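Residue-level structural notes
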Amino acid sequence: LLALLDRPPEGDIGVVSEPGLVAPLPPVRDLWERAKTGRAELAAALAAIRASEARLRLADASRTPDIGVSVGDMHAFRAVGVSDFLFLGVQGNLPIFRQAKIDPQIRVAGAQLAAARQDAHAMENRVVAEVSDAYAEVLSEQRQVELHHKLIPLASQALSSASSGYAAGRGSFLMVLDSVRDLEMHELDLATHLASYEQRLTDLERAVGADLGLLAAAESGREIDHGALP
């Protein structure tokens, strides 16, 4: 546990508390938008698009003649006659090999840009799908947790009624055992679904690339109040 929490080996785990539900989640569309800005993969895909656009502009610029002008001066010491000289130079790069060299480079750069855009679009679709799947899983586990918070008080009342009936001679001990088993099964199911809820919420946070309140809910230390939403 210390290694998973990235804490030193001699550190302390801390107080173990019962996990709880996070505050109401934002709409799934809001999480889509957060994922589009929070996922490093999408940021890398957008950077690849910008790099491809720059390569295309550079390749397209090769079709434009490149003309350079240079000016220089020189002084000749101990020279007879004229000793100061002025030089003027013109240098040009003409795209005379456009069809054989420049146009293929432009087509390659354009194809790379199209591929980068398709990769980014596919990545965005994958991220949105991951968020949607994780969001549905979280809501499913949340409903199970809320259901067992309602069932446990009913099972406790059934156990209390069976115990009172047995004490008064109006019920059997088997009914008491069945009530105890039902209550313990509901409590076990609640613990299982709470653990699964936090796992699914972890998947959702990874898909979104942002904290959605899992750590605060896990370390709240609140006691579970059955019959009311935590």
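Residues numbered from 1 in each chain as written. Predicted model: local features only at pLDDT ≥ 70, side-chain atom pairs only at ≥ 80, totals over all residues. Heavy atoms only, no water.

Right, let's get into the overall build of the protein. When helices and strands are tallied, the protein shows 5 helices and 2 strands. Each helix and strand of the protein, placed in order from N terminus to C terminus, yields the pattern α-α-β-β-α-α-α. The buried share among the 230 residues of the protein stands at 24%. Residue pairs at least 24 apart in sequence account for 72% of intrachain contacts in the protein once pairs closer than 6 positions are excluded. (Helix = DSSP H or I, 4+ residues; strand = E, 2+ residues; numbered from the N terminus. Buried < 20%, exposed > 50% of the residue type's maximum accessible area, 1.4 Å probe, protein only. Contact = heavy atoms within 4.5 Å.)

The next thing to look at is the packing of aromatic side chains. For any pair of aromatic rings, the description consists of the separation of the ring centres together with the inter-plane angle of the planes. Tallied over the full model, the rule gives 1 aromatic pair. Plain terms: the ring middles of Y166 and F173 are 5.5 Å apart, the flat faces sit at 55 degrees to each other, and that makes the pair tilted. Overall, Y166 belongs to the partly exposed group, its relative accessible area being 43%. (Phe/Tyr/Trp six-rings, centres within 6.5 Å; stacked < 30°, edge-to-face > 60°.)

Turning our eyes to something else, we now look at the pattern of salt bridges. Applying the stated criterion to the full structure yields 10 salt bridges. Two residues, E41 and R39, come together in a salt bridge whose shortest N-O distance is 3.0 Å. Members of the salt-bridge network, linked through shared partners, are R39, E41, R126, E130 and R206. (Salt bridge = Lys/Arg side-chain N within 4 Å of Asp/Glu carboxyl O.)

Let us look at the environment of S70. With respect to the helices, strands and loops of the structure, S70 is situated in strand β1 (residues 66-75). Remark: the alpha-carbon pair of S70 and F87, spanning 17 residues in sequence, is separated by 8.1 Å. When neighbours within four sequence positions are excluded, S70 is seen to be in contact with F87, L88 and G89.

A word on the packing of helix α1 (residues 28-38) against helix α4 (residues 173-208). At a minimum axis distance of 7 Å, the contact between α1 and α4 shows a crossing angle of 55 degrees. The orientation of α1 with respect to α4, classified from their angle, is oblique. Contact residues: α1 offers L31, R34, A35 and G38, while α4 offers L204, A207 and V208. Across the contact of α1 with α4, the residue classes break down as 5 nonpolar, 1 polar and 1 charged. (Axes fitted to C-alpha atoms, helices over the stretch in contact; angles between N-to-C directions. Parallel < 35°, antiparallel > 145°, perpendicular 65-115°, else oblique. Nonpolar A, V, L, I, M, F, W, Y, C, P; charged D, E, K, R; others polar.)

Next up on the list: the environment of H186. Here H186 shows up in helix α4. On the basis of relative accessible area, H186 is assigned to the partly exposed category, the value being 22%. Separated by 39 residues in sequence, H186 and L147 place their C-alpha atoms 9.8 Å apart. With residues up to four places along the chain from it excluded, the contact list for H186 reads H148, L151, I152 and A155.

Membership of the largest hydrophobic core comes to 28 residues, with the highest contact counts inside it found for L25, L31, V131, L201, L204 and L212. Every element with two or more residues in this core is listed here: α1, α3 (98-167) and α4. Broken down by element, this core gets its largest block of residues, 11 residues, from α3. (Core = buried A, V, L, I, M, F, W, Y, C linked by side-chain atoms within 4.5 Å.)

Before going further, it helps to spend a moment on a nonpolar patch on the surface. On the surface, I67, V69, V71, L86 and L88 cluster together into a nonpolar patch covering about 590 Å² of accessible area. Elements with a minimum of two residues in the nonpolar patch: β1 and β2 (84-93). Ranked by residue count, the leading element in the nonpolar patch is β1, at 3 residues. Mapped onto the elements of the fold, V71 is located in strand β1. When its relative accessible area of 61% is taken as the criterion, V71 is described as exposed. (Patch = residues over 30% accessible without salt bridge, like charges linked within 9 Å, V, L, I, M, F, W, Y side chains within 5 Å. Areas by Shrake-Rupley, 256 points an atom, 1.4 Å probe, with all protein chains shown as cover.)

Here the protein shows a mean pLDDT of 82. Residues at 70 or above account for 80%. Per-residue pLDDT, averaged within each element of the protein, yields its smallest value for helix α5 (residues 214-218) (67) and its largest for α4 (91). (pLDDT = per-residue confidence, 0-100.)

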